[in-house]
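Each chain, written out:
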Amino acid sequence: MIKKPAHYEEMNDPQARPRYMGIPTFFRCPATQDLNDADIGMVGVPYDGAVTNRNGTRHGPRAVRDLSSLMRRINAATGIQPFEAARVRDLGDCWIEFPFSVDKAHAEIAAFYKTVVAAGVMPLSVGGDHSVSLPILRAVAEKRPVGMIHIDAHCDTGDDYLGSRFHHGTPFSRAVEEGLLDPKRVIQIGIRGTTNDPDMWGFSLRSGMRVLGMDEFHDKGWRYAAEEARRVVGDGPVYLSYDIDSLDPAQAPGTGTPEAGGIQAIEAIRMLRSLRGLNFVGGDLVEVSPPYDVGDITALNGATILFEILCLLAETVQARKAR
Ligand code: MN
Ligand code: MN
């Protein structure tokens, strides 16, 4: 066996040792395959086989793991200590053996997450393109539909594109059809950009989702968006899906479908901090595409947002344990 560091106790604590040292797991958490050792399972989903424009998000989990190693143990704004509140573990990547078949890849992802969820572990994932949220929801919402806070430049409630109904522009229309989402408890925040069809996101409105577009966000601010999110999802089970393209491209250039005029990182962070105490069942950060990134800014903002989401989930875990 190789000897452990002997001079400083904190060198054996992954969150205390120098941040540039060691294998970069998510937030420098212990890596494990043992689901009995985890309350929150961080998972990479390196899949970008369902994109309609620029690819590269298969490299997202590694870039976010690397930049997440910059995060420390305490959320200075809220005081939350996620690694004290819950056993946070890096479960590694969801293996995708059939990347050339969207259906097969999605089936593999769903099977992986069903194992995680059956063990009572709450998943927090990093994609990957946004199509991966559908198979994750097939596991998380297998027993009952859930609500969702969805932050994105796009509603992702589209339909057939070039012969496929399953791509990164459709996870949430399919999720409603499959009974995984209760659309009346879904809010979509940050929507903007051009469309090819005046009804491109009509599914959202017809199914009863609350669409809080970027103009409304810009007029009324992050506080109002958070209040609306709390009102829409209520106290039932809720999933949080964060598409990095919701941020302004100046702060998140490394993504496949950038849209100008987006949310500022500080607005996203403060909005997320205003969502404490909800009944979270999991979350994801998707669409970070390192090949298009500049100076790791997208991966850094992504990792920072991921930490805020982790804090929310860890508080939910802690509250459930205390009951
Ligand atoms: Mn999306
Ligand atoms: Mn998007």
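The structure contained in this document is the topic of the report that follows. (Residues numbered from 1 in each chain as written. Chains lettered and ligands numbered in written order. Predicted model: local features only at pLDDT ≥ 70, side-chain atom pairs only at ≥ 80, totals over all residues. Heavy atoms only, no water.)

Considering the coordination of the manganese ion (ligand 1)
Put simply, the test is: Distances decide who is a donor: an N, O or S atom must be within 2.8 Å of the metal, or within 3.2 Å for Na, K and Ca. Water is not included, so sites may look incomplete. What counts as a helix is a DSSP run of H or I of at least four residues, what counts as a strand is a run of E of at least two, and both are numbered from the N terminus. The rule is simple: take the accessible area with a 1.4 Å probe, protein chains only, and divide by the maximum for that residue type; under 20% is buried, over 50% is exposed, in between is partly exposed.
Distances from the manganese ion (ligand 1) to its protein donors, His130 (ND1), Asp152 (OD), Asp156 (OD) and Asp243 (OD), fall within 2.0 to 2.2 Å. Going along the chain, you hit the donors of the manganese ion (ligand 1) in the pattern H-x21-D-x3-D-x86-D. In this structure, the manganese ion (ligand 1) is positioned 3.2 Å from the manganese ion (ligand 2), and both are ligated by Asp152. Pair noted here: His130 is in the loop between β3 (122-127) and α4 (133-140) and Asp156 is in the loop between β4 (146-151) and α5 (171-177), with a separation of 26 residues, a long-range link. Of the two residues examined, His130 and Asp156, each falls in the buried class.

Details of the sheet that holds strand β5 (residues 181-191)
Basically, it comes down to this: A pair of strands is considered paired only if DSSP assigns at least 2 bridges between the two. Between N-to-C directions, angles cover 0 to 180 degrees, with each direction set by a line fitted to C-alpha atoms, over the stretch in contact for helices. Contacts were defined at the residue level, with two residues in contact if any of their heavy atoms lie within 4.5 Å.
If you trace the 8 strands from one edge of the open sheet to the other, you get β2-β1-β3-β8-β7-β4-β5-β6, paired in parallel fashion. Both outer strands of the open sheet, β2 (88-93) and β6 (210-213), are each paired with one neighbouring strand and no more. For this sheet the average axis-to-axis angle between neighbouring strands, irrespective of direction, equals 15 degrees. Here β4 pairs with strand β7 (residues 238-243) via 5 bridges, running parallel. By the bridge assignment, Ile149 is partnered in β7 with Leu240. Contacts from helix α8 (residues 265-273) reach β4, β5 and β7, with the element oriented near 175 degrees to β7.

Comments concerning the packing of helix α3 (residues 102-118) against α4
This is how the line gets drawn: Should the near helix be turned anticlockwise from the far one by less than a right angle, the crossing is termed left-handed; should it be turned clockwise, right-handed.
The N-to-C vectors of α3 and α4 enclose an angle of 35 degrees; their axes lie 8 Å apart at closest approach. Between α3 and α4 lies a crossing whose hand is right-handed. Contacts between α3 and α4 pair His106, Ile109, Ala110, Tyr113, Lys114 and Val117 from the former with Pro135, Ile136, Arg138, Ala139 and Val140 from the latter.

Topic: the coordination of the manganese ion (ligand 2)
Protein-derived ligands of the manganese ion (ligand 2) are Asp152 (OD), His154 (ND1), Asp243 (OD), Asp245 (OD) and Asp245 (OD), with the metal-ligand distances lying across 2.0 to 2.5 Å. The sequence motif formed by the donor residues of the manganese ion (ligand 2) is D-x1-H-x88-D-x1-D. Residue class for Asp243 comes out buried when judged on its relative accessible area of 1%.

Here's the deal with the side chain of Asp248
Just so we agree on the cut-off: Think of it this way: Lys and Arg go in the positive column, Asp and Glu in the negative one, and His and the chain ends go nowhere. A carboxyl oxygen of Asp or Glu within 4 Å of a side-chain nitrogen of Lys or Arg is what we treat as a salt bridge. Any N or O atom pair separated by 3.5 Å or less is treated as a polar contact, with the protein-specific requirement of one donor-capable and one acceptor-capable atom, and with residues adjacent in sequence counted only for side-chain atom pairs.
Inspection of the secondary structure puts Asp248 in the loop between β7 and α8. No salt bridge is formed by the buried Asp248; its nearest oppositely charged neighbour, Arg192, is found at 5.9 Å. A polar atom in the side chain of Asp248 sits 2.9 Å from the backbone nitrogen of Ala250. Ignoring anything within four residues of it in the chain, the contact list for Asp248 reads Arg192, Ala260, Gly261, Gly262, Ile263 and Gln264.

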